[in-house]
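Structural description and commentary
Each chain is listed here by its residues.
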Amino acid sequence: MIIQIDDCLVSSEILTEHFSCDYETCRGACCVVGDSGAPLTEEEADSLEAAFPVYSPFMCQSGREAVDKTGFFEIDRDGDMVTPLMPLSRAERKAQGLDTVLENTDMPCAFTLFENGSVFCAVERAHCKGLCSFVKPISCRLYPIRVSVLSNGLKALNLHRWDLCRCAFEKGKRDGTLVYQFLRTPITAAFGEEFYKQLEAAAELLRAEAE
């Protein structure tokens, strides 16, 4: 079922499926697994560049070298602006405790922070320490919601199912946390408080219809 709120077409799965990040299990693997960076807007690329002096100390050397080489964004094979990726040698992968997580084709996001075998976002770490106002790309904050712009200008919000995040869907069921509830802060940041209130109302209506 698709629900329209303002200029957004929202998949009902966002209102009915459970999700809650299980970091203890995944250790932040979503930042390092894959062959493309996180989707970016031009404004976000500018924010990454402006805040670089305060979050770059949290990045690894390979990440800083990747930014020096490619800049604060790349264009992926689909023509989308994404965060740059960094190559990691087999020795580096093993040293960071990632040799069992990464496939040979995987390249981590350049803005990742490795710490005791776990992966964090260097930008978010700086934000949490009060060093910059930019949190991290909204595409990262909204996951597992994926946003796309349709040919008619409307935005489509769909639920993305990644086997890597199976543990998060399972944890959400255990905790009784729905996708939109878990993502309240980034949804509000991206679309506004009134949009979130309409999501809540739509979710209540769906629950009532299901009873």
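Calculation criteria
- Residues numbered from 1 in each chain as written.
- Predicted model: local features only at pLDDT ≥ 70, side-chain atom pairs only at ≥ 80, totals over all residues.
- Heavy atoms only, no water.
- Phe/Tyr/Trp six-rings, centres within 6.5 Å; stacked < 30°, edge-to-face > 60°.
- Helix = DSSP H or I, 4+ residues; strand = E, 2+ residues; numbered from the N terminus.
- Buried < 20%, exposed > 50% of the residue type's maximum accessible area, 1.4 Å probe, protein only.
- Pairing = 2+ DSSP bridges.
- Axes fitted to C-alpha atoms, helices over the stretch in contact; angles between N-to-C directions.
- Contact = heavy atoms within 4.5 Å.
- Polar contact = N/O pair within 3.5 Å; in protein donor to acceptor, adjacent residues only side chain to side chain.

**Overview of the packing of aromatic side chains**
In this structure the tally under the stated criterion is 9 aromatic pairs. Taken together, a centroid distance of 5.3 Å and an interplanar angle of 80 degrees make the contact between F52 and F72 edge-to-face. Of the two residues, F52 sits in helix α3 (residues 42–55) while F72 sits in the loop between α4 (61–70) and β3 (74–75), which places them 20 residues apart along the sequence. Between Y55 and F111 the ring centres are 5.7 Å apart and the planes differ by 80 degrees, which places this aromatic pair in the edge-to-face class. In this pair, Y55 sits in helix α3 while F111 sits in the loop between α5 (90–95) and β5 (112–115), placing the two residues 56 residues apart along the sequence. With respect to class, Y55 is no different from F111; both count as buried. The rings of F52, Y55, F72 and F111 are connected pair by pair, giving a single aromatic cluster.

**Comments concerning the sheet that holds strand β8 (residues 155–159)**
Strand order in the open sheet formed by 4 strands is β1-β2-β8-β7, with mixed pairing between adjacent strands. Single-partner strands in this sheet number two, and they are β1 (2–5) and β7 (145–149). Across this sheet, the average inter-strand angle for adjacent strands is 25 degrees, counted without regard to direction. Contacts between helix α11 (residues 193–210) and the sheet are confined to β1, β2 (8–11) and β8, with β1 contributing the most and set at about 145 degrees to the helix.

**Things to note about the side chain of K136**
One can find K136 in the loop between α6 (122–128) and α7 (138–141). Using a relative accessible area of 19% as the deciding quantity, one classes K136 as buried. Polar contacts involving the side chain of K136 include one to the side chain of E124, which spans 3.1 Å. Residues in contact with K136, not counting those within four places in the same chain, are E44, C121, V123, E124 and R141.

**Focus: unusual backbone geometry**
Residue P144 is reached from Y143 by a cis peptide bond, and omega for that bond is 20 degrees. Position of P144 relative to the elements: it lies in the loop between α7 and β7. Residues other than glycine seldom take positive phi values, yet D6 does so here, at roughly 55 degrees. Note that D6 resides in the loop between β1 and β2. Its relative accessible area of 53% is what places D6 among the exposed residues. In this model, R27 sits at a positive phi of 60 degrees, which is unusual for a non-glycine residue. Looking at where R27 falls in the secondary structure, it is placed in the loop between α2 (23–26) and α3. Classification of R27 by relative accessible area gives partly exposed; the value is 25%.

The values are spatial; any link to function lies outside them.
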